[in-house]
Amino acid sequence: MTALVVALAAGAVVGLALGGLGGGGSVLAVPALIYLLGFDPAAATTAGLLIVIATSLTGLVAHAREGRVRWRTGGLFAAAGIIPAAVAGALSVRVPAGVLTAGFAVLALIASVRMLRPKDGPSPQALDGAGAPPAGRVARTGAGLGAVTGFLGVGGGFLVVPALVTVVAVPMTAAVGTSLLVITVNSMAALATRLATPTALDWATIAPFTATAVLGAWDGQRLAAKVSTAALQRIFGVVLLAVAAFMLVDAVT
């Protein structure tokens, strides 16, 4: 019963993160599965991808209804990351868990700093329409992020959102919705390689976790519609900073 309650609560938080912030699902789900629900890292990674895929699709539909998804940019970004995510996912099984955890924490830290202290330059809104970023830049960024997220075994929203905002110049409100498209595609590519290695999964825990995550995603997207762009960036940055610090401590102890 305790495990069920924890799974339900953790799923709700993951859903809120994905629906409201466009990321943070796996970065929250995987630690919860390991530290709170007793999953081993391999099972937690696979389960985390399953949970994030279901939740991201839910959030994507909700954001799309509100017109907050840049389909062309997101589609190109996601397509460029499919092969890198699959290849990196296959290679990651040969890397010690501690190294992956440390790398994950460092990347989360970098992303959080970028969101809390954005670089000066043209506003994302000023680059909409005719000023859309070149396809080559979008593809290169998508391929790089696909490789990173596939290697770490996460959906990658905590990296995709900052990349869409600061590199691809998508407004934060649209980046949240667009990132869910990228997360879904990258997660599916990474999951395909991991399913090639049989892993025992506790569906009695994964099912309720996923159910509350999906419900939380609907509430999260409504939150995104009511919170300002600056506030979303600060919230996202603070969440990433806290998770990065926790995982970095865990990796070195």
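If you're wondering where the values come from, they're calculated on a predicted model, not measured in any experiment.

### Quick look at the overall build of the protein
Argument step 1. Counting secondary structure elements, the protein contains 10 helices and zero strands.
Argument step 2. From first element to last, N terminus to C terminus, the protein shows the α and β order α-α-α-α-α-α-α-α-α-α.
Argument step 3. In the protein, which comprises 253 residues, the share counted as buried stands at 50%.
Argument step 4. For the protein, long-range pairs separated by at least 24 residues make up 86% of all intrachain contacts whose partners lie at least 6 apart in sequence.
Argument step 5. Summing over all exposed atoms, the protein offers an accessible surface of approximately 10700 Å²; the carbon and sulfur share of this is 70%.

### Thoughts on helix α3 (residues 41-65)
Since the α-helix advances by 3.6 residues per turn, residues separated by three or four positions end up pointing in the same direction.
Argument step 1. Given a rise of 1.5 Å per residue, 25 residues ought to cover 36 Å, and the 36 Å separating the end C-alpha atoms of α3 matches this to within 8%.
Argument step 2. Regarding α3, its N-cap is aspartate 40, as a side-chain oxygen of that residue lies 2.9 Å from the backbone nitrogen of alanine 43 further along.
Argument step 3. Positive backbone phi, at 75 degrees, marks glycine 67, one or two positions downstream of α3.

### A closer look at the environment of isoleucine 51
Argument step 1. With respect to the helices, strands and loops of the structure, isoleucine 51 is situated in helix α3.
Argument step 2. Along the backbone, isoleucine 51 and serine 187 are 136 residues apart, and their C-alpha atoms lie at a distance of 9.9 Å.
Argument step 3. Apart from residues no more than four positions distant in its own chain, isoleucine 51 is found in contact with Leu33, Ile206, Phe209, Thr210 and Ala213.

### Comments concerning the confidence of the model for the protein
Argument step 1. Counting all residues, the mean pLDDT for the protein is 78, and 85% of those residues have values of 70 or more.
Argument step 2. Ranking the elements of the protein by mean pLDDT puts helix α5 (residues 97-116) last, at 75, and helix α4 (residues 71-92) first, at 86.
Argument step 3. Between residues 121-130, whose pLDDT stays under 50, and residues either more than four places distant or in other chains, the model counts 11 contacts.

Cut-off values and rules
- Residues numbered from 1 in each chain as written.
- Predicted model: local features only at pLDDT ≥ 70, side-chain atom pairs only at ≥ 80, totals over all residues.
- Heavy atoms only, no water.
- Helix = DSSP H or I, 4+ residues; strand = E, 2+ residues; numbered from the N terminus.
- Buried < 20%, exposed > 50% of the residue type's maximum accessible area, 1.4 Å probe, protein only.
- Contact = heavy atoms within 4.5 Å.
- Areas by Shrake-Rupley, 256 points an atom, 1.4 Å probe, with all protein chains shown as cover.
- Expected span 1.5 Å × (residues − 1).
- Polar contact = N/O pair within 3.5 Å; in protein donor to acceptor, adjacent residues only side chain to side chain.
- pLDDT = per-residue confidence, 0-100.

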